[in-house]
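# Chain and residue survey
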Amino acid sequence: MHRVDCRLIIKETVTGEVLDGGDRYKLQVPKSCPKPAILWETGTTLIKYRIAKKKLVFGKYIQQQDNGTLAKKVYLEQERLNFPGLLKECRTIAKDFGVLDLFDNEKFSYKKFKSKLKKIIKIKNEETLMDQMKELKKCSLLTNDKFGPQQYFYDLQIEQVRTKFRLRTEMTQVKFNFKNDKRYSSENWKCDSCESGFIESQSHLIWFQAYSHLREGKNLNSDKDLTEYISIYFNICLLYTSP
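Let me begin by describing the structure that accompanies this report. (Residues numbered from 1 in each chain as written. Predicted model: local features only at pLDDT ≥ 70, side-chain atom pairs only at ≥ 80, totals over all residues. Heavy atoms only, no water.)

## Looking at the overall build of the protein chain
A tally of regular secondary structure across the protein chain gives 13 helices and zero strands. Sequence-ordered secondary structure for the protein chain, helices as α and strands as β, is α-α-α-α-α-α-α-α-α-α-α-α-α. Residues classed as buried in the protein chain amount to 40% of the 243 residues present. Restricting to contacts in the protein chain with at least 6 residues of sequence separation, those with at least 24 account for 59%. Split by element, the accessible area of the protein chain, about 15000 Å² in all, is 54% carbon and sulfur. (Helix = DSSP H or I, 4+ residues; strand = E, 2+ residues; numbered from the N terminus. Buried < 20%, exposed > 50% of the residue type's maximum accessible area, 1.4 Å probe, protein only. Contact = heavy atoms within 4.5 Å. Areas by Shrake-Rupley, 256 points an atom, 1.4 Å probe, with all protein chains shown as cover.)

Spelled out as structure tokens, the structure:
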């Protein structure tokens, strides 16, 4: 296996489900941002499925080698003596994925097996992430969209992408997005920018009358205009709150 594959396996053993750190850093969202949201929006496969795929493909590759190779000899000994190891682990994973018959069938080629497995893991990954997102309120908007990198990733600049992602996952720095924060709940999440007593939510930012002049000439159905307006709003807030 490649060194990167080995690192994935070690990382899974030590720290469990990870591997969204890079995307979390790029999107600049806190640890409280739901992992399924990051993986769904960026089209990333859960690490457990990535590792399972690597193991099965590697096991199938060894199975297809000549009997005289060292790797195949070890493989056959594991099979004959029912030893713990890669073969036993692969057969367990293959059974869970419903491809045990294809894995055990030496006449079923490595290439066809890899292609079949890729499709199965794609489906399982999407189903798992969708089930997780349905349990998370911050992911409610995402469940209406297809899995994979969203179009705004290609249409917007990096800072606009970050803003758009925060809006979609309710991670913008407005009080009602952090309902359990005692600093905000103690004051009923009241908006500091107006005297009307409205809750400071994302929807409130969109129609907040005091900043209507910032929305002039903008179409808030446009990702570009919306993210520009939100960025300007938070820059103004930052000026007022800075010491």
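## As for the packing of aromatic side chains
By the definition in use, this model includes 10 aromatic pairs. Seen from their ring centres, phenylalanine 176 and tryptophan 189 are 5.4 Å apart, and the 85° between their planes marks the pair as edge-to-face. Of this pair, phenylalanine 176 sits in the loop between α10 (158–168) and α11 (182–185) while tryptophan 189 sits in the loop between α11 and α12 (202–207), and the two are 13 residues apart along the sequence. Since its relative accessible area comes to 25%, phenylalanine 176 is described here as partly exposed. Taking the centre distance of 5.0 Å and the plane angle of 85° together, the rings of phenylalanine 198 and tryptophan 207 count as edge-to-face. Overall, the relative accessible area of 42% leaves tryptophan 207 in the partly exposed class. Taken together through their ring pairs, the aromatic side chains of Phe208, Tyr211, Tyr233 and Phe234 make up a single cluster. (Phe/Tyr/Trp six-rings, centres within 6.5 Å; stacked < 30°, edge-to-face > 60°.)

## Comments concerning helix α5 (residues 70–81)
Here α5 contains 12 residues, and its C-alpha end-to-end distance of 17 Å stays within 8% of the 16 Å for a straight helix at 1.5 Å per residue. For α5, the elements touching its buried residues are α4 (47–63), α6 (86–97) and α7 (100–104). Of the residues one or two after α5, asparagine 82 is the one with positive phi, at around 55°. (Expected span 1.5 Å × (residues − 1).)

## Details of the packing of α4 against helix α8 (residues 110–134)
Running from amino to carboxyl end, α4 crosses α8 at an angle of 165°, the nearest separation of the two axes being 10 Å. By the angle between their directions, the pair α4 and α8 is classed as roughly antiparallel. The interaxial crossing formed by α4 with α8 has right-handed handedness. Every residue of α8 that contacts α4 at Lys48, Tyr49, Lys53, Leu56, Val57, Lys60 and Tyr61 is listed here: Tyr110, Phe113, Lys114, Leu117, Lys118, Ile121, Lys124, Asn125 and Thr128. Along the lines of polarity and charge, the residues of the contact of α4 with α8 split into eight nonpolar, two polar and six charged. (Axes fitted to C-alpha atoms, helices over the stretch in contact; angles between N-to-C directions. Parallel < 35°, antiparallel > 145°, perpendicular 65-115°, else oblique. Left-handed = near helix turned anticlockwise from the far one by under 90°. Nonpolar A, V, L, I, M, F, W, Y, C, P; charged D, E, K, R; others polar.)

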